[in-house]
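# Survey of secondary and tertiary structure
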Amino acid sequence: MYILEEKFKLKYFRLSFFLTLFSLILVSYLAFLKGGLTNSLNVLWITIILILMEISLSFDNAIVNASIIKNWNNFWKKAFLTVGIFIAVFGMRLLFPLLIVSITTSISLIEVFNLALNEPETYAKELISHHAEVCSFGSMFLFLVFLNFLFDNKRKIFWAEKFEQKLSSFGKNKIIPYFITFILLIFFLYFIEDSKKYDFFIAGIWGISIYLAIHFICLILEKGSNNLQNLIKKGSVIGFLYLEVLDASFSFDGVIGSFAITRDIIIIMIGLGTGAMFVRSLTIYLVEKGTLDTYVFLEHGAHYAIGILAFIMLLSTKIQIPEVLTGLIGISFILLSLYSSIKYNKNH
């Protein structure tokens, strides 16, 4: 019985394990052709580090994703696993960094791609120079995810009970999360060098605006008709776009941070993309097994981890913070919320 149960669990991760094995063999072989056994082992180790880094940084992302798509119909779940993973791997881990460099340097995408392949040091320098703007956008979006969870007056279960109940009582005023986020943006603006203040501010406003736009459209659809409201709950284009922007916000820090490990964009894409596949598999596992209903504080822990990640992203514009530390903090919140959930279940 135990063996059957374990096999049932593994089926959710079968594709991820297969792609991981294939990716590791591929990068090792290409590196061997280029520089022999020593280079092959070095690239293999770097790729494994990138995969683990992506999984540790995005573990809370999987939990939040699961809390959103658990009521979606099969069509949108499959879309999230197919089209969504394509966008996550090729869009965010390869195309997005190229776009940043292309837009800021007025060089075509093809030229930037050639630059990334042939002059990786120059490409990495250009991308990292816009770290502050990228973090501003991502952190503002993630802060709104965190704060709207805290100020949700419809929640029935509270982890940090007195603290969360007090905040949720203010939830009727929907402007509060946006006001706090904007104040935070203005506060960190003073720590940004003068030449980057404008770009930092505009990027942050874009992060706030996109979050607001998605929720405004949802609000219009929900008030439009019951059919449209049901469509939102069961999955829709808007819900899909929301998850893709959420995934993008999570991936920003990992993509930029990966250049501290390697300058090779192919290795970065393969390493982070493989990690992203595990996040997708974990999301589906959590949904299918009803884990969030069993461990009631997991969603809380994930949102607190998101809030910490958003704050770390802002701090990283001034202080260099290792990705390992960020991942450990996120996992610590998940484990603590898991322990609280088990304790809660025993008491009830």
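Residues numbered from 1 in each chain as written. Predicted model: local features only at pLDDT ≥ 70, side-chain atom pairs only at ≥ 80, totals over all residues. Heavy atoms only, no water.

## Things to note about the overall build of the protein chain
Secondary structure summary: the protein chain contains 15 helices and 0 strands in total. Counting the 348 residues in the protein chain, one finds 50% classified as buried. Long-range contacts, defined here as pairs at least 24 residues apart, represent 79% of the contacts in the protein chain between residues at least 6 apart. Element-wise, carbon and sulfur atoms account for 69% of the exposed surface of the protein chain, whose accessible area totals about 18,000 Å². (Helix = DSSP H or I, 4+ residues; strand = E, 2+ residues; numbered from the N terminus. Buried < 20%, exposed > 50% of the residue type's maximum accessible area, 1.4 Å probe, protein only. Contact = heavy atoms within 4.5 Å. Areas by Shrake-Rupley, 256 points an atom, 1.4 Å probe, with all protein chains shown as cover.)

## Quick look at the side chain of Thr-274
Positionally, Thr-274 belongs in helix α12 (residues 265-288). Look at Thr-274 and you get buried, because its relative accessible area is 6%. Of note is the side chain of Thr-274, whose polar atom sits 3.3 Å from the side chain of Ser-23. For Thr-274, the residues in contact, after removing those within four places along its chain, are Thr-20, Ser-23, Ile-51 and Met-269. (Polar contact = N/O pair within 3.5 Å; in protein donor to acceptor, adjacent residues only side chain to side chain.)

## Let's talk about the packing of helix α6 (residues 131-150) against helix α14 (residues 298-315)
Each pair of packed helices can be described by the angle between their axes along with the distance between the axes. In contact at an axis separation of 8 Å, α6 and α14 are set at 150° when each is read in the N-to-C sense. Between α6 and α14, the interaxial angle falls into the category roughly antiparallel. For the element pair α6 and α14, the recorded crossing hand is left-handed. Note on element contacts: α14 touches α6 through Glu-299, His-300, His-303, Tyr-304, Ile-306, Gly-307, Leu-309, Ala-310, Phe-311, Met-313 and Leu-314, opposite Cys-135, Gly-138, Ser-139, Met-140, Leu-142, Phe-143, Val-145, Phe-146, Phe-149 and Leu-150. Residues of the contact of α6 with α14, tallied by class, amount to 15 nonpolar, 5 polar and 1 charged. (Axes fitted to C-alpha atoms, helices over the stretch in contact; angles between N-to-C directions. Parallel < 35°, antiparallel > 145°, perpendicular 65-115°, else oblique. Left-handed = near helix turned anticlockwise from the far one by under 90°. Nonpolar A, V, L, I, M, F, W, Y, C, P; charged D, E, K, R; others polar.)

## Observations concerning the packing of α6 against helix α8 (residues 176-189)
Viewed as axis vectors pointing N to C, α6 and α8 meet at an angle of 150°, and their least axial separation amounts to 9 Å. As for the relative orientation of α6 and α8, their crossing is right-handed in sense. Across the interface between the two elements, Ser-136, Met-140, Phe-143, Leu-144, Leu-147 and Asn-148 of α6 pack against Pro-177, Tyr-178, Ile-180, Thr-181, Leu-184 and Leu-185 of α8. Classifying every residue of the contact of α6 with α8 gives 9 nonpolar, 3 polar and no charged.

## Description of the packing of aromatic side chains
Evaluated as defined, the whole model comprises 12 aromatic pairs. Ring geometry for Phe-188 and Phe-311: centres 5.8 Å apart, planes at 80°, overall edge-to-face. A residue pair is termed long-range when its members are at least 10 positions apart, and Phe-188 in helix α8 and Phe-311 in helix α14 qualify at 123 residues. By relative accessible area, Phe-188 is classed as buried at 6%. For Phe-311, a relative accessible area of 37% translates into the label partly exposed. Both rings, one in Phe-297 and one in Tyr-344, keep their centres 5.3 Å apart while their planes meet at 75°; by these two values the pair is edge-to-face. Linking Phe-297 in the loop between α13 (291-294) and α14 with Tyr-344 in helix α15 (residues 323-347), this pair joins segments that are 47 residues apart in sequence. The class of Phe-297 is buried, set by a relative accessible area of 5%. (Phe/Tyr/Trp six-rings, centres within 6.5 Å; stacked < 30°, edge-to-face > 60°.)

## Observations concerning the side chain of Ser-28
Here Ser-28 is to be found in helix α2 (residues 14-69). A relative accessible area of 15% places Ser-28 in the buried class.

## Considering a nonpolar patch on the surface
Residues Leu-15, Phe-18, Phe-22, Leu-26, Tyr-29, Leu-30, Phe-32, Leu-33, Leu-37 and Leu-41 make up a contiguous nonpolar surface patch of roughly 1,100 Å² in combined accessible area. On the secondary structure map, Leu-33 appears in helix α2. (Patch = residues over 30% accessible without salt bridge, like charges linked within 9 Å, V, L, I, M, F, W, Y side chains within 5 Å. Salt bridge = Lys/Arg side-chain N within 4 Å of Asp/Glu carboxyl O.)

## Brief notes about α12
With 24 residues, α12 extends 34 Å between its outermost C-alpha atoms, agreeing within 8% with the 34 Å of an ideal straight helix rising 1.5 Å per residue. Taken across its 24 residues, α12 has 22 buried, putting it largely inside the fold. Looking one or two places after α12, you find Gly-290, whose phi comes out positive at around 65°. (Expected span 1.5 Å × (residues − 1).)

## What to know about helix α5 (residues 120-128)
Among the residues of α5, those classed as buried are Tyr-123, Ala-124 and Leu-127. Mapping the buried residues of α5 onto a view down its axis gives an arc of 95°, with all of them on the same face. Looking at α5, the residues exposed on the side facing more than 90 degrees away from the buried face are Glu-121 and Lys-125. (Arc of directions from axis to C-beta.)

## As for the environment of Ile-238
Secondary-structure assignment places Ile-238 in helix α11 (residues 237-258). The spacing of Ile-238 and His-215 is 23 residues in sequence and 8.8 Å in space, taken between C-alpha atoms.

## Overview of the environment of Tyr-123
One can find Tyr-123 in helix α5. Looking at Tyr-123, the relative accessible area reads 1%, which means it is buried. Leave out the neighbours within four places in its chain, and Tyr-123 touches Pro-97, Leu-98, Val-101, Val-112, Leu-115, Ala-116, Phe-259 and Ile-265.

## As for the confidence of the model for the protein chain
Confidence in the prediction for the protein chain averages 77 pLDDT; 87% of positions are at 70 or higher. Across the protein chain, element-level confidence peaks in α8 with a mean pLDDT of 90 and bottoms out in helix α1 (residues 2-10) with 46. Contacts of residues 1-8 to residues separated by more than four positions or lying in other chains number 2 contacts, the stretch itself having pLDDT below 50. Note that residues 225-229 has pLDDT below 50 and, in this model, 3 contacts with residues that lie over four places away or in other chains. (pLDDT = per-residue confidence, 0-100.)

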